[in-house]
Structure formats: structure tokens, C-alpha cells
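Below, each chain spelled out in residue letters.
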Protein chains: 2
Amino acid sequence: MSLHDDMMAMGRVARAAAGALRCGDAATRSAAIRAMAAQVRARRAEILAANAEDVAAATGLIDRLRLDEGRIESLAAALEAVADLPDPLGRETARWGRPNGLDIARVAVPIGVIGMIFESRPNVAADAAAICVRSGNAVILRSGSDALRSCLAIHGAIAAGLEAAGLPASAVQIVPTADRDAVGLLLGGLGGTIDLIIPRGGKALVERVQREARVAVLGHLEGICHTYLHESADPAMALDIVVNAKMRRTSICGATECLLVDRAAAPNLLPPIVAALRARGCVLRGDEESRAIADGIEPAGDDDWGREFLAPILAVKVVGALDEAIAFIAAHGSGHTDAIVAAADAAAERFLAEVDSAIVVRNASTQFADGGEFGFGAEIGIATGRMPPRGPVGPEQLTSWKYVVRGSGQTRP
Amino acid sequence: MSLHDDMMAMGRVARAAAGALRCGDAATRSAAIRAMAAQVRARRAEILAANAEDVAAATGLIDRLRLDEGRIESLAAALEAVADLPDPLGRETARWGRPNGLDIARVAVPIGVIGMIFESRPNVAADAAAICVRSGNAVILRSGSDALRSCLAIHGAIAAGLEAAGLPASAVQIVPTADRDAVGLLLGGLGGTIDLIIPRGGKALVERVQREARVAVLGHLEGICHTYLHESADPAMALDIVVNAKMRRTSICGATECLLVDRAAAPNLLPPIVAALRARGCVLRGDEESRAIADGIEPAGDDDWGREFLAPILAVKVVGALDEAIAFIAAHGSGHTDAIVAAADAAAERFLAEVDSAIVVRNASTQFADGGEFGFGAEIGIATGRMPPRGPVGPEQLTSWKYVVRGSGQTRP
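So, here's what we can say about the structure. Throughout, a residue's number is its position along its own chain's written sequence, starting from 1. As they are written, the chains are lettered A onward and the ligands numbered 1 onward, keeping that order. Note on the predicted model: pLDDT of at least 70 is required for a residue's local features to be given, and 80 or more for side-chain atom pairs to be given and counted; whole-chain, interface and lining totals, by contrast, use all residues.

A:Leu79 and B:Leu79 are the most contacted members of the largest nonpolar core, which totals 290 residues. Here, residue contact means that the backbone-derived C-beta atoms of the two residues sit within 7 Å. The contacts of B:Leu79, once residues within four sequence positions are left out, are B:Ile33, B:Met36, B:Ala37, B:Val40, B:Ala126 and B:Ala130. By definition, a nonpolar core groups buried Ala, Val, Leu, Ile, Met, Phe, Trp, Tyr and Cys residues that are joined through C-beta atoms within 7 Å. Once C-beta atoms are placed from the backbone, each residue is buried if 20 or more other C-beta atoms lie within 10 Å of its own, exposed if 12 or fewer, and partly exposed for counts between those two.

See below:
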């Protein structure tokens, strides 16, 4: 059979499996995820051997690809944590009566079939499988070629876990080839069997998916996060938050990439923050005004605004006041996460209302932009588009709804 | 300027207007919609003259296109009804605390910029404008060429209404040309400025949009609605519901196109229903079993199952029991609206849970599938896809969300 025919068959099988998941009960889905974790532990040697082959053949970032005993245990534990999450399905998110006596409920249901396209992190295969099964969605995984052997081995454990719980193994399928045409076929929707594509990887992957997909995309493009220090900011709090927002981990999407400081408070706020960041190895690139206020700031280039450094580099700019900060974020942000540090309630609430990002934060680090930190238990990604689901997406956000109308013989006049 | 440049400029202007709508208050948006209604009434003669030109030039369905004094008054009244709806923005749809003291709220916000592509019904221009403005979304209208003069005249009233309330007229724009390339440009997203495309028209339009769109689509493909009579159905209720579901209006998407009847009860239920439908001019096309039970059923062809007749024609089939009915609907339905008539609770609840349609109904007519009947006040369409917003879409459903995180200095460990 051709790749095309193979992929179309995967779509049909996924749609059928989605029906079985949707109509099955929550306990069975949880049991399947727990069985996946047990299978991952039982197949540790096999997974590590496959991963060693991937690492030996790798050309890119090996750290993200490499598994060891500790990472496999973390992966299994993460599966168990998802198994323990509350069932997101069947909840009535609204219910009301109509004057004619009809009773209408809006009930959470699975989306259907997810296409998950990711790059070189094998743990994404397990995380995505667990979140999809927890939320009743079938999924077709497409691993980057770098991680394919590892992901096939992990998928063996996932499939065995599903079968152990009496669910179809086809609820989680994996594209078994590195053939790049498989991505194009997934993006075409496999004859209407894919409801949602989730890309997880670099900007080039996400842009390709958004350009070519014929179905809905839950896309995370960039995390160009800003932290803005209002003139009312408490200096000690501002220092703690900025250092954490930039330096806790510089490679994650919630890391702050640009610091904005009110002109009135900059001489007071900025020097100790710059000193603290430099002491931790952070490079600062600022506008002329910030450079005149604090020592050790390099001149920023035009391309340093709205840039996702993902590194210990921070752009710094002095702004006139709240309105200028909001406008700057609108022009240079990516709609991911932006924060204000302010003691003044009115300014803070206006920032929270007017900044059009998936997550807006007052007096806390942008690095809290994470499904786990939100209490979602796990996340399959953070969506930076405007359509729902927006922001961190865990099992509850990976659902849709249906309307259930209960009558007693009503006909429409 | 070229059409391409003109359209890209419309996108930029729409994005700016969306910002103004998003940050404005609800009373201003309501006032703008009321002012649109007043402008529609004041410009009645101008709108009717433009419409007369459209009608004179029309080649297609003239009834949908034609306006008269009564229809213009209805259109204005519909605008006022939307102005009176509760504000869908700013609602906290969830709020919770985290162990570290962070307070997280999920708040309803506008989606952003909508591209509305419709065919020959001029009232859609007004309805869409009102629903978008009510929900804080900017919109670019693209009318079918048949209705373009009428829609331009209505748009004049809309723009004047926006300005009267102090909102930018560019919150509602209309593509001023019948050039078909404009549709392709809208579907390309106008440089990332369109967040959602809503097609409203025939199947060919919707299919083109779903094939070509590079952004999210809220699509209504077909309404292939089933009514299933369980063996426990009350015969009188079944008759009333089936006659209404098929015959109240045969051209709407919520009209029942196929009747399924349990074998055990078919000899009792079917003959009076067939007689009542025939007496009202309905043609019945059935399988052999139904034809043996009731008089006057023509033989159904294979293509009569899963067919959207939009006419006084009903397909009829006898099924073994509930499971067969659910499987038949899964195979032949369009995920729009499907109903069961049943006195037995267990069977009804299983149908409501397992049928994977946007709307599932017990003991009522499928013709209730309508935003107005749901109490949404108005609808911009009914979405038959699986992603949210699914089903009838009114102002409240035309929103997204953001997360507002309030802290007191928290940094992430």
C-alpha cells in the first residue's frame, strides 16, 4: 500500500477508536493510562535501547532526545498523574430551561481525533497520549525522525496499556515512518477524520502547519513575554519577579524576553535589577534611556524588540507610562504571557483588561505560564491564537461540547 | 491600489478597530447597535432602491434577496434585540486559587476579527454586524454579488450607527466589489489579521471555504437530521413531533430528513404518521420493511440515506433497535441535530450520550435547532464541526477567553 492509503486507513481507524473512547467510561480511560505507565516501566530496557540508537544517529539537540532511567520514571509518573486527574467529560458546563419547557444542557464531550506533530522530545509521545485518552480523544502521533525509534518503543507501551484496559490500541496510533509526506497528509485532514492538529516544536514547524493545515490548528507560535514595571511597583518584588521571569529557565516559552520600566521609577527600579541579572550571567540590551540609567546594558538593535531569545538575554526599554507599555506589548508581543508589577490597583486592572494575551499576570513571574502551574495537571501545549482553547491546554481544555435538549413532546410553532 | 493591497489594508484597519471594541464598554456597543437600527429605518428608501437594483439584476433565488418595508422593519427590530442582549464579555467563566496564593480567572474576551462570507440574503449583513459588535469582534463582510448593492446600502447604515456611538466605522467593513478573488484573500487571513472565517450559504461555498481557508472556520456544512422513534415512544407525541420536524419548514437546516422506527413498534407507530405526512403533501421514500407496513411509501434509493432534501421529502427506515439507530446516524448524519422519541429513560439517555451531534434531542422537534429557540437572542450560524464553538452560535459563543493571574510577588520555584 502507498503511504497515502496507509495514512487514510489510520484516519478511519482513529475515527472508530474515538467513538469507542467517547462512549466508554472514565474509569476505563484512567485504567488504560495507568497501564501505559506500567508498560513503560516494564519495557524500560527496550525503550532505552531504541533511544540509544536515536541518540547515536542524531544530528540535532541531543539533550532533548536522550532518555535515561530517571527520565523514563518521570515519564511513567507523569502518565499516572494524568490518570488521576478528574474526568473532563460529561460535565454540564451550562443548563437552563426555556419558557416552552425544553431543558437544555451544554455537556463537555471529546473533540474527536487529534493529529499531534512534534519534534525531538520522546516524552511528548507519552504526554500527548495520556492527555488525549484522559479527554476521550483518539490521537495520531507524528514524531520527528530524530526521535522515531524512541517514540515507536514508547508507543508499544502505550498500545499495550490501552489493550490491557480493554480499549482499542488504535486510540493512540503513531506514523511508523520518517517519510515527510506523512505530515502533509495529516495536515490535509485524512479525508475529514482529523478534527484538530497540534504542532509542538520550533517556529518553522508551527508556521508550516498553520500555512498548510486544512483543519483546525492549536498553535503555539512564540512566547515573546514582557514584564512591565509600573511606577508603583515595589522594588524588592520587582527584582525578585524579573530575575525569576528571565533566569529561572531561559529556554521555556514563558520566560520574559523584554523588560519595560516606567520612566518615573526607572532610576530607582532599574539599577539593582540590572546588577542582579548581570551577576547571574544575563546579557542586557537596552534603549538609550535605560543605558543612561543603569550600568552594563548593551545597546539594543531594532530586531531585539519582539524577539524570542530563549537565552540569558533581556531587552530593556523605558516607557512613558501604562498606555505606552500596553501599546508596545500590542506591537511586539506574541499574545502568550505578559505581566505587570504594580502596587496601584487601577493601573494593574487596566493592564490586565487591555493587554490582549492568552495570559496576563499581575505581581508574579511570567514563568507561571504552564498548565501544571495553573492546576491543569498536565498540558499538551500553550495556544497563542485567539480561538478557544487559548492558553495552556490540559485534558479539560481539549474538549468540545454538545447540547442535550430534553422535552416532553414540544413542537416548534 | 490593487485588490490585494485594498484587502490587506482592510485587515489592518479591522485589527485596530477590534482593539477599540475590545477595550470599549458594553453600553457603547449596545448604543451602536441601536443606532444602526435607527439608521436602517432612516435609510429605508435608499436600501429599498438598492435592493430593487439587485432584484432586477438577479439570476438566482429572488425571494431570499428581496426586501420590503416589512422585512426592513424586521431587520431593524432584530438589531435592537441584539442590542438588548446581556454583554457576553468580561464574564469570569472560571476562577480558582492555587496553593501558592495565585488567583487565576478565565475571562470571556472577543475573538478578534471575523471574516463573514455569505450569499444572497441581505439581512445577514445586519445580523452579522450586530452579533459581532455585541461580542466585541470586528468583522469584514463579504456579500454575494447578487446582494451587493443591498448590502452596501445596509452597511452605510451600520457604519453611521457605529460612528454615532463613537466607535470606529471600520469595526464593520464590507468588501465593496464583486471580484471573486476577494474571497481567496479573506481565506488567506489577510496577513494574520483574520481570526475566524464564517461562511453562510450553500454547500459549495462552505466546502470551498473549508478547503482553502488558512485560518479557523466556523462551518455549517449540512443539516442531515434524523428523528428516531424508539419502541417506547408515545404514538401521539411521535406523530406530532415527526410532522413538525419534517413539515413546519422544510428548507431549514434543522428539518428532519430521515425517520427511523423501531421494528417492534413500527406497525403501530408508522401508518398514522405516514398518513398525516402524506395528507400534508410530504413524499415518503422508505426501505422495503417500512413499505410493507404503511401505504404510500415510495422505494428509497441508496442515495436517499444521508441526504439533505430541504424539501417535503422524508426517508423512512425500520431499525432493529437503539444500537442500530445510533450506528445508522453515525454513518449517515451530519453531526447537526438528531432526536429520539422515547418514553423509556434508559434508552433516551443512551441515545443522548452516544449520538455525536452538536444537538441531541429527546421528545421534541429537531426544528428547535436554532439560536433563537435556545435563548441566545440571535445566531450567526450553526457550527457542525467538532471544535468549539459547536452548534448554534450567538454573541456569547462568539467569544474566546484569556487567563488573568493575580499574585502578590510569587516567583516560580
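Here the narrative resumes, following the displayed structure.
Once that is clear, we can look at helix α2 (residues 26-42) of chain A. Three- or four-residue spacings in an α-helix give side chains the same orientation, since the helix completes a turn every 3.6 residues. Residue and element names in this part refer to chain A. Under the 1.5 Å per step criterion, the end-to-end length of α2 is 24 Å for 17 residues, consistent within 8% with the ideal 24 Å. The secondary structure listing takes helices from DSSP runs of H or I that are at least 4 residues long and strands from runs of E that are at least 2 residues long, numbered from the N terminus. Regarding α2, the residues found buried are Arg-29, Ala-32, Ile-33, Arg-34, Ala-35, Met-36, Ala-37, Gln-39 and Val-40. On its buried face, α2 is in contact with α1 (3-23), α3 (44-57), α5 (69-83), α6 (123-134) and α7 (148-164). By definition here, a helix of n residues has an expected span of 1.5 Å times n minus one.

With that out of the way, let us pick up the sheet that holds strand β1 (residues 92-97) of chain A. For two strands to be treated as a pair, DSSP must find no fewer than two bridges joining them. The strand order across the open sheet built from 10 strands is β1(A)-β2(A)-β17(A)-β14(B)-β13(B)-β8(B)-β9(B)-β12(B)-β10(B)-β11(B), with neighbouring strands paired in mixed fashion. Two strands close off the open sheet at either side, each with one partner strand: β1 of chain A together with β11 (298-299) of chain B. The pairing of strand β13 (residues 337-341) of chain B with strand β14 (residues 359-364) of chain B spans four bridges and is classified as parallel. Following the sheet pairing, B:Ile340 is matched in β14(B) by B:Arg362. Note on geometry: axes are lines fitted to C-alpha atoms, helical ones only across the stretch in contact, with angles between N-to-C directions running from 0 to 180 degrees. Across the sheet, helix α13 (residues 322-332) of chain B lies against β8 (225-229), β9 (256-262), β12 (313-319) and β13 of chain B, angled at about 140 degrees from β12(B), the strand it touches most.

A few words now on the interface of chain B and chain A. Counting residues at the interface gives 53 residues for chain B and 53 residues for chain A. Ranked by the residues each element gives to the side of chain B that touches chain A, the list is headed by strand β17 (residues 399-410) of chain B, at 11 residues. Tallied by class, residues from the side of chain B that touches chain A come to 23 nonpolar, 14 polar and 16 charged. Relative to β17(B), strand β14 (residues 359-364) of chain A runs parallel, the two sharing five bridges. Looking across to β17(B), one finds that A:Val360 is bridged to B:Val404. Each residue gets one of three labels, nonpolar for Ala, Val, Leu, Ile, Met, Phe, Trp, Tyr, Cys and Pro, charged for Asp, Glu, Lys and Arg, and polar for the others, Gly among them.

Looking now at the sheet that holds strand β4 (residues 138-142) of chain B. All names here are of chain B. Sheet architecture is open: five strands sit in the order β5-β4-β3-β6-β7, paired in parallel fashion. Unpaired on one side and paired on the other, β5 (172-174) and β7 (216-217) mark the two borders of the sheet. Both β4 and β5 contribute to a ladder of three bridges, which runs parallel. Counted as the bridge partner of Val-139 is Val-172 from β5. Against the sheet, helix α6 (residues 123-134) touches β3 (113-118), β4, β5 and β6 (196-200), its axis set at about 165 degrees to β4. Sheet strands in contact with helix α9 (residues 203-212) are β3, β6 and β7, and its direction is about 160 degrees off that of β6.

All right, on to the pairing of strand β2 (residues 103-110) of chain A then. Residues and elements named next belong to chain A. Examined bridge by bridge, β1 and β2 share five bridges and lie antiparallel to one another. Its bridge partner being in β2, Trp-96 is matched across the sheet by Ile-104. Where β2 and strand β17 (residues 399-410) come together, eight bridges link them in antiparallel fashion. Of the residues in β17, the one forming a bridge with Arg-106 is Tyr-403.

It is worth stressing that arrangement in space is one thing and function is another; only the former is reported here.
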